[in-house]
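Listed here are the chains, written in short residue letters.
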Amino acid sequence: MQRSKSNSLHNEALEHLVGGVNSPVRAFKSVHGNPIYFDKASGATVTDVDGNELVDFVQSWGPLVHGHSHPQILDAVYKKMQNGTSFGAPHTGEIELAKRVKKRFSHMDKVRFVSSGTEAVMSAVRLARGYTGRDLLVKFEGCYHGHVDSLMVSSGSGLATFGIASSPGIPKDTVATTLIAPLDDDEAVDYLFKEHGHEIAAVIIEPLPANNGLLVQRHEYLANLRTLCHEHGALLIFDEVISGFRFKDGSYGDISGVTPDITALGKIIGGGLPVGAYGARSEIMEKLSPLGPVYQAGTLSGNPLAMAAGIATLDLLDDSAYDHLESLGKILEQCVEPVLEKHGYPMRLMRRGSLFWFSPSAAQPPSRADLIPSDAGTLYSDVHKGLLEKGYMLAPSAYEIGFIATVHQEHHLLGMAKALDEVLQELEW
Ligand SMILES: *Cc1c(COP(=O)(O)O)cnc(C)c1O
């Protein structure tokens, strides 16, 4: 595939934007390539500035569960736009989207809209601290919660410890309030609660960790977190920014039978426009300003265009849409797994609903970040590059997952499997 226009735009962008991008993983660094400049996108495909058409399994990193430029979503936004782009005042769209969110997340009495997943998580954490009057957080290695200072933490030495900042620019004192534990390890969290239980404001987890591979957790593990929080007066925060609205049977909390105190949302809830949200029972939410003392605000929060896109997206997500996503997921498994096996390539397809991940090992997919093999990047980048050349776009990182949208068709999935077969053949694996 010819990419001369993309490459020259990237060179131009390098003079004006840091690394040519506005979010680091877009830079293709971990797959040793250049970013591709998109021109337009429709349904399951995107067209780049050089005129190449690609089948898209990134789907804007999750929000586009109905694919690109869905006519009903575009129409809803376009109609709203005729009446103004931002009011800075209440409007019916906020009520309508809140009702739809509450239908899915039954533990929420009240919802607050913000403009990104990061903002939702940051605000949920502040609310939990304000509500409990405590400072400490527990987070897990291998979970991503946006670029929130107190959650940009790597594990220090030892099994369950205070973390160290994973980026310069974050004060030591900020991460000193974050305890970090490995996923899927009951003893580690038991220990943290034994040592610090009375100081812990909240435990925050992606109940379906999907930002560092797809690290599915045991039900009992999530249930233990619920019990520990309950016993020690801490709040349980589920970060469902990526898993929220993905499953027919409700929230991932519902599916795992564990009810959190606060849930943070993003991605699908905005249908491709910037929306985040968090919600909880009234007693917690009423600590928020204007009813309570915990401050949180936003110039563009509840933006009418973004609410309209969210409402249209959720209205399209009926039972049959979820069934369709599940059947596409099954087809993907059935066509991709045999190809990996045939070539003996050390990868497996891990899937939950419309989320999938090429797990970089022939063994059982891992449940913890430290169990992901260290050669994951190399194994993946060959596959990524090969598939891209054949017109299939996966996320440019071994640790990012893929997304199936309701507009994908069987031939897109079979086509990807066939391309993968050719790629592995060419690699002479
Ligand atoms: C994407 C994501 C975030 C951050 O959301 P942004 O909209 O990128 O700020 C937070 N948590 C999880 C689980 C995510 O997947």
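Quick note: structure is the one above.
These figures come from a predicted structure and were not determined experimentally.

Glancing now at the nonpolar core. Across soluble globular proteins, nonpolar side chains show a tendency to be buried alongside one another. Core analysis: the largest hydrophobic core is formed by 98 residues, its most contacted members being Phe 140, Phe 245 and Phe 358. When residues of this core are assigned to domains, at least three fall in each of domain 1 (4–65 + 318–426) and domain 2 (71–316). Each residue touching Phe 140, except ones within four places of it in the same chain, is listed here: Ile 180, Ala 181, Pro 182, Leu 183, Val 189, Val 203, Ile 204, Ile 205, Tyr 221 and Leu 225. If you look at the next biggest cluster of nonpolar residues, it comprises 23 residues, including Val 121, Ala 128, Leu 151 and Val 241.

This part covers the site of the ligand. Around the ligand, the surrounding shell consists of Ser 116, Gly 117, Thr 118, Tyr 144, His 145, Gly 146, Glu 206, Asn 211, Asp 239, Val 241, Ile 242 and Lys 267. Within the side chain of Thr 118, one N or O atom sits 2.6 Å away from an oxygen atom of the ligand. The separation between an oxygen atom of the ligand and a polar side-chain atom of Lys 267 is 2.6 Å. With the chains in place, 83% of the 380 Å² that the ligand exposes on its own is no longer accessible. For the shell around the ligand, the residue count by class is three nonpolar, six polar and three charged.

A few words now on empty space enclosed by the protein. One pass over the structure, following the stated rule, counts one cavity of 30 Å³ or more. There is about 40 Å³ of room inside the largest cavity. Phe 356, Trp 357, Phe 358, Tyr 380, Leu 394, Ala 395, Glu 400, Ile 401 and Gly 402 together form the lining of the largest cavity. Considering each element in turn, the lining of the largest cavity owes the most residues, three residues, to strand β15 (residues 355–359). For the lining of the largest cavity, the class distribution of residues is seven nonpolar, one polar and one charged.

A few words on the pairing of strand β1 (residues 38–42). Residues in a regular strand point their side chains to alternate faces of the sheet. As defined by bridge partners, β1 adjoins strand β2 (residues 45–48) across four bridges and the pair is classed as antiparallel. Across the sheet, residue Ser 42 finds its bridge partner in β2, namely Thr 45. Where β1 folds back on β2, the antiparallel hairpin that results is connected by two residues, among which Gly 43 adopts a positive phi of roughly 60 degrees.

It is worth spelling out the environment of Ile 36 at this point. Assignment of secondary structure puts Ile 36 in the loop between α1 (4–14) and β1. In this structure, the C-alpha to C-alpha distance between Ile 36 and His 10, residues 26 residues apart in sequence, is 8.1 Å. Apart from the residues lying within four places of it in its own chain, the contact partners of Ile 36 are Arg 3, Ser 6, Phe 28, Asp 48, Leu 54 and Leu 388.

Strand order in the open sheet formed by three strands is β14-β15-β17, and the pairing between neighbours is antiparallel. Looking at the sheet topology across the chains shown, the edges are occupied by β14 (348–352) and β17 (402–403). Sheet topology note: the β15/β17 ladder contains two bridges and is antiparallel. When the bridges of β17 are listed, Leu 355 appears paired with Phe 403. Across the sheet, helix α11 (residues 319–343) is in contact with β14 and β15; its angle to β14 comes to roughly 170 degrees.

Parameters at a glance
Residues numbered from 1 in each chain as written. Predicted model: local features only at pLDDT ≥ 70, side-chain atom pairs only at ≥ 80, totals over all residues. Heavy atoms only, no water. Core = buried A, V, L, I, M, F, W, Y, C linked by side-chain atoms within 4.5 Å. Buried < 20%, exposed > 50% of the residue type's maximum accessible area, 1.4 Å probe, protein only. Domains from an automatic or database assignment. Contact = heavy atoms within 4.5 Å. Near = heavy atom within 4 Å. Polar contact = N/O pair within 3.5 Å; in protein donor to acceptor, adjacent residues only side chain to side chain. Areas by Shrake-Rupley, 256 points an atom, 1.4 Å probe, with all protein chains shown as cover. Nonpolar A, V, L, I, M, F, W, Y, C, P; charged D, E, K, R; others polar. 1 Å grid on protein atoms, 1.4 Å probe; cavity = no way out; pocket = protein on both sides within 12 Å on 5 of 7 lines; lining within 4 Å. Points joined across faces, edges and corners; volume = space filled by probe spheres on them. Helix = DSSP H or I, 4+ residues; strand = E, 2+ residues; numbered from the N terminus. Pairing = 2+ DSSP bridges. Axes fitted to C-alpha atoms, helices over the stretch in contact; angles between N-to-C directions.

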